[in-house]
Amino acid sequence: MRTLDEKETAAVFEKLFKFTGPNLKLIVERPAVEGPAGDDPGRYCFRLHKNRVFYASESLVRRAVSVSRERLVSLGTCIGKFTKTGSFRLTVQSLDLLASHARRKVWLKPTSEMSFLYGNPVLKSGLARITEGVNPGDGVVVFSMSDLPLGFGVAARSTQDCRKAHADAIIVNRQADAGEYLRNEDDL
Amino acid sequence: MELEKYQIDLGNLMGFDATHHFDSIPSSREELAKLCLEKGTELVQAIANALFALPATEDRDGPIVHLPQPTTKLPREKHVCITKRKKGKRAFDEQTGTWKRTHGYDRINDDKDIPIIEAKLSDEPGEDPLGKRKDEKKKRIEKQKKNQLQNLKQAAKAGALPSHVQFAATALPITGTRADLPTKSSKEELENVAGMAATATASGGKFDWKLPGEKPLKHTGKHRKFLPVVEGKGMSSQEQKQTAKILEQLMAKSSNNILDVNKAVTVFNVKKERKRRMEKEIQRTTPSKLEPKKSLKKPSKKH
């Protein structure tokens, strides 16, 4: 387990920024919930272990240091991993974190929820609601009508274009969804 | 002729005229001899004068004068005992009765040719005589080396060090930068350098056979520095600084994206509309007689 160096931190923050925007500050400077009471609560930090990036509070990290490298499996929340070529990918485990700080959201109709969870992209026919000011290429978090986060992806069209588009047009290209917990159990 | 000052060395009973030169080269040998004798006579006279000037002590045979120390340095003669002897490459070995070389492989007086060493009364039983000979030889060599070193030191002290010998300490430069000082490379340094040099091949030294005893290079790969995983009280200040810096850079880069262009355009348009409406109101309520009246007549064209 080690800290991220500057390049790696920049890559992680950029990916997160696509979804959260200025709310990224809240993620980075979040006061820890757990930890020694009374003292000034430590913050959350990012740590790298076997090409996976974990988001955990400082007190948790301090305790995890006593576990040896071969034995340590996971720590806090895994938000993504670095590929062999060095690029960073967000995984579905970061969904919870992104959903609470998302800037742009998309709500799905109940009929197309299952389709999305199977791994299909969001079509115009399944779209119930979308936030204003979405531009193509923006990070977007997908919710169900009951405000349950289902996954996230990249918007293919702007909000205006969505209205004009026909029913089969792809609105959101899916990057990760909650169904992956069953499909790609081994990869996570 | 004026009186010339001769150099008199009474210790050697010698007189020397430094300014003497022949006015004209004498024609014959006899002439030369005559001139020299004349000059010599003068010098002897000068020596005698000097001698009689010295304080004399009375003795049975007559006055005795102690000569002073000689002032001229005469070269001393060679020491009689030091004679150079040449030893041939081959010599007759008494033990084996053959001609062998003096030094090296198959040499004369080698210990391994001795078949038997007779024991003396002083020898203890259980002692290895050949081993003893070996130890003694070692001791002799050590002593010789030590004496040699001591001699050199003494010579250096007296200032008579042979020209080809120079002590390491005196060879250091007195002025200059630290880079001029010859530094002894340590074993680790040499190993590192050798390792680095070994990677200077087309395939990075991966497929070269290693010599026996050559250890693989320890610090291969690029040097990377990381912040400590956990430090003291919570997140270290360095980590905080790093994250803050990167956050700021990100925010700054995308600050122009935060502005919603469409919204700004509509807001601007609305403002403009309102302004125009206000101006129209003002125009209607204040009619001005100075305004040029529009003529109702159409200009007709005369064909």
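Residues numbered from 1 in each chain as written. Chains lettered and ligands numbered in written order. Predicted model: local features only at pLDDT ≥ 70, side-chain atom pairs only at ≥ 80, totals over all residues. Heavy atoms only, no water.

(A) Representation of the overall build of chain B within the structure. The secondary structure content of chain B amounts to 6 helices and 4 strands. Counting the 303 residues in chain B, one finds 11% classified as buried. Considering only contacts within chain B whose residues lie at least 6 apart along the sequence, 30% involve residues at least 24 apart. With an accessible surface of roughly 29400 Å², chain B has 57% of that area assigned to carbon and sulfur atoms. (Helix = DSSP H or I, 4+ residues; strand = E, 2+ residues; numbered from the N terminus. Buried < 20%, exposed > 50% of the residue type's maximum accessible area, 1.4 Å probe, protein only. Contact = heavy atoms within 4.5 Å. Areas by Shrake-Rupley, 256 points an atom, 1.4 Å probe, with all protein chains shown as cover.)

(B) View of helix α3 (residues 187-198) of chain B. Look at α3 of chain B: 16 Å from first C-alpha to last across 12 residues, which is about the 16 Å you get at 1.5 Å a residue. Taking burial as the measure, the 12 residues of α3 of chain B include 1 buried ones, a minor fraction of the element. (Expected span 1.5 Å × (residues − 1).)

(C) Region of interest: helix α5 (residues 110-117) of chain A. Residue and element names in this part refer to chain A. Considered for burial, the residues of α5 that qualify are Ser 112, Phe 116 and Leu 117. On an axial view of α5, the arc spanned by its buried residues comes to 145 degrees, and they lie on one face. Along its buried surface, α5 packs onto β6 (105-108), β7 (122-123), β9 (139-143), β10 (149-155), β11 (170-177) and α7 (180-183). In the stretch just after α5, Gly 119 is the one whose phi turns positive, near 115 degrees. (Arc of directions from axis to C-beta.)

(D) Structural view of the nonpolar core. Counting residues in hydrophobic clusters, the biggest one holds 33 residues, and the most contacted among them are Val 12, Phe 13, Leu 24, Phe 46, Val 53 and Val 141 of chain A. A per-element tally of this core places helix α1 (residues 6-20) of chain A first, with 5 residues. Ignoring sequence-local partners within four residues, the contact set of Leu 24 of chain A consists of Phe 13, Leu 16 and Phe 17 of chain A together with Leu 247 and Leu 250 of chain B. By size, the runner-up hydrophobic cluster in this structure holds 14 residues, among which are Val 122, Val 134, Ala 155 and Cys 162 of chain A. (Core = buried A, V, L, I, M, F, W, Y, C linked by side-chain atoms within 4.5 Å.)

(E) Geometry of the pattern of salt bridges. Inspection of the entire model under this criterion finds 18 salt bridges over all chains. Ionic pairing is found between Asp 111 of chain B and Arg 133 of chain B, a salt bridge with its closest N-O pair at 3.0 Å. Of this pair, Asp 111 of chain B sits in the loop between β4 (98-101) and α2 (129-158) while Arg 133 of chain B sits in helix α2, and the two are 22 residues apart along the sequence. With a closest N to O distance of 3.6 Å, Lys 132 of chain B and Glu 127 of chain B form a salt bridge. One connected set of salt bridges, linked through shared partners, spans Arg 174, Asp 177, Glu 180 and Arg 183 of chain A. (Salt bridge = Lys/Arg side-chain N within 4 Å of Asp/Glu carboxyl O.)

(F) Seen up close, the interface of chain B and chain A. In this assembly, 23 residues from chain B lie in contact with 28 residues from chain A. Summed over both sides, the interface between chain B and chain A buries roughly 2200 Å², with carbon and sulfur atoms accounting for 63% of that surface. At the surface where chain B touches chain A, the tally comes to 1 salt bridge. For Glu 6 of chain A, the salt bridge is made with Lys 245 of chain B, and the minimal N-O distance between the two is 3.2 Å. Counting residues per element, the side of chain B that touches chain A draws most heavily on helix α4 (residues 237-253) of chain B, which supplies 10 residues. Tallied by class, residues from the side of chain B that touches chain A come to 11 nonpolar, 7 polar and 5 charged. (Buried area = accessible area lost by both parts, 1.4 Å probe. Nonpolar A, V, L, I, M, F, W, Y, C, P; charged D, E, K, R; others polar.)

(G) Region of the structure containing the pairing of strand β2 (residues 44-49) of chain A. Residues and elements named next belong to chain A. Burial analysis of β2 places 6 of its 6 residues in the buried class, the great majority of the element. The pairing of β2 with strand β3 (residues 52-57) spans 6 bridges and is classified as antiparallel. Across the sheet, residue Arg 47 finds its bridge partner in β3, namely Phe 54. Where β2 folds back onto β3 in an antiparallel hairpin, the turn is made up of 2 residues, including Lys 50, whose phi is positive at roughly 55 degrees. (Pairing = 2+ DSSP bridges.)

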